[in-house]
Amino acid sequence: MAARADRSAVGERAAALRAAQAALAAEHAAVYGYGVVGGRIGDDRLAEAREGYAAHRARRDDLARTVRDLGGRPTSAAPAYALPFAVPDAPAAVRLAAELENRVAAVYADLVRASTGSLRRQAAGALREAAVRAVRWRGGGVAFPGLTERATPATPSASPSGGSDGV
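As annotated in an unreviewed UniProt entry, the protein chain carries the name Ferritin-like domain-containing protein and is attributed to Streptomyces rugosispiralis.

A.B. asks: What's the story with the packing of helix H2 (residues 46–69) against helix H3 (residues 90–114) in this structure? I'm lost.
C.D. replies: In a packed pair of helices, the relevant descriptors are the angle between the two axes and the axis-to-axis distance. Running from N to C, H2 and H3 cross one another at 25°; their axes reach a closest spacing of 14 Å. If you check the angle between H2 and H3, you find them roughly parallel. Regarding H2 and H3, the two cross each other, and that crossing is left-handed. Residues His56, Arg59 and Leu63 of H2 lie in contact with H3, whose contacting residues are Glu101, Val104, Tyr108 and Leu111. Its residues placed into classes, the contact of H2 with H3 shows four nonpolar, one polar and two charged.

A.B. asks: Sorry if this is basic, but what is going on with the nonpolar core here?
C.D. replies: In a soluble, globular protein the nonpolar side chains are often hidden away together inside. Counting 21 residues, the largest nonpolar core has Ala23, Leu63, Val104, Tyr108 and Leu111 as its most contacted members. Elements with a contribution of two residues or more to this core: helix H1 (2–40), H2, H3 and helix H4 (117–138). Contacts of Tyr108, omitting those with residues within four sequence positions, involve Ala23, Glu27, Arg59, Leu63, Ala123, Ala126 and Leu127. By size, the runner-up hydrophobic cluster in this structure holds 13 residues, among which are Val87, Ala93, Ala97 and Leu100.

Conventions and cut-offs
Numbering of residues starts from 1 in every chain and runs along the sequence as written. Per-residue local features of the predicted model are confined to residues with pLDDT of at least 70, and side-chain atom pairs are confined, for both listing and counting, to 80 or more; whole-chain, interface and lining totals are unaffected and use all residues. Hydrogen atoms and water are omitted, and side-chain values are computed over all heavy atoms in the structure. Only the stretch in contact is used when a helix axis is fitted, and all axes are lines through C-alpha atoms; the angle between N-to-C directions ranges over 0 to 180 degrees. To qualify as a helix, a DSSP run of H or I must reach at least 4 residues; to qualify as a strand, a run of E must reach at least 2; elements of each kind are numbered from the N terminus. Note that the term roughly parallel is reserved for angles under 35 degrees, roughly antiparallel for angles over 145, roughly perpendicular for angles of 65 to 115, and oblique for everything else. Helix crossings fall into two classes, left-handed where the near helix is turned counterclockwise from the far one by less than a right angle and right-handed where it is turned clockwise. The contact definition used throughout considers only heavy atoms, calling two residues in contact when any of these lie within 4.5 Å. Polar here means any residue outside two lists: the nonpolar Ala, Val, Leu, Ile, Met, Phe, Trp, Tyr, Cys and Pro, and the charged Asp, Glu, Lys and Arg; Gly therefore counts as polar. Buried residues of nine kinds, namely Ala, Val, Leu, Ile, Met, Phe, Trp, Tyr and Cys, make up a nonpolar core once their side-chain atoms join them within 4.5 Å. Throughout, exposure labels follow a simple rule: accessible area from a 1.4 Å probe, protein chains only, divided by the maximum for the residue type, with under 20% read as buried, over 50% as exposed, and the rest as partly exposed.

Written out as structure tokens, the structure is:
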């Protein structure tokens with residue numbers, strides 16, 4: 001019986017580690033994407049873009065520590081990420097920021113599901129923050145942030161150039 005409980009705990013830890021790695025990869029992509037947003041956004045929303053950039057950098061750093069605490073080696077950032085669409089101007093930058101937040105919310109929803117305790121609380125907080133930023137960028141919300149994205153057909157991801165899926 002104890003061996004089965006140990007295997008279950010190992011499986012839960014492995015699931016939490018996979019979800020944390022996915023969230024870390026999403027944060028790497030979000031930091032990259034916010035660099036693009038900041039370069040195209042109008043002055044009226046530049047402070048908001050800087051706040052989003054700083055928030056994702058902080059979450060990224062926290063997740064790297066979390067991955068190490070779970071026994072993993074943190075996923076490194078790719079040198080570049082493919083954007084889901086061209087970002088030639090401020091309106092496109094606003095759409096990109098909202099899309100980045102939607103994608104980050106989705107991976108945090110997965111981390112909430114895969115984790116327990118303080119990690120679950122942190123993931124839920126990150127999900128909430130991403131959902132709030134998405135609403136601000138989009139001008140409206142969705143019923144279940146982080147979950148509605150799973151119901152829509154996949155679109156091109158902000159994945160590393162020539163690599164695996166990022167956000």
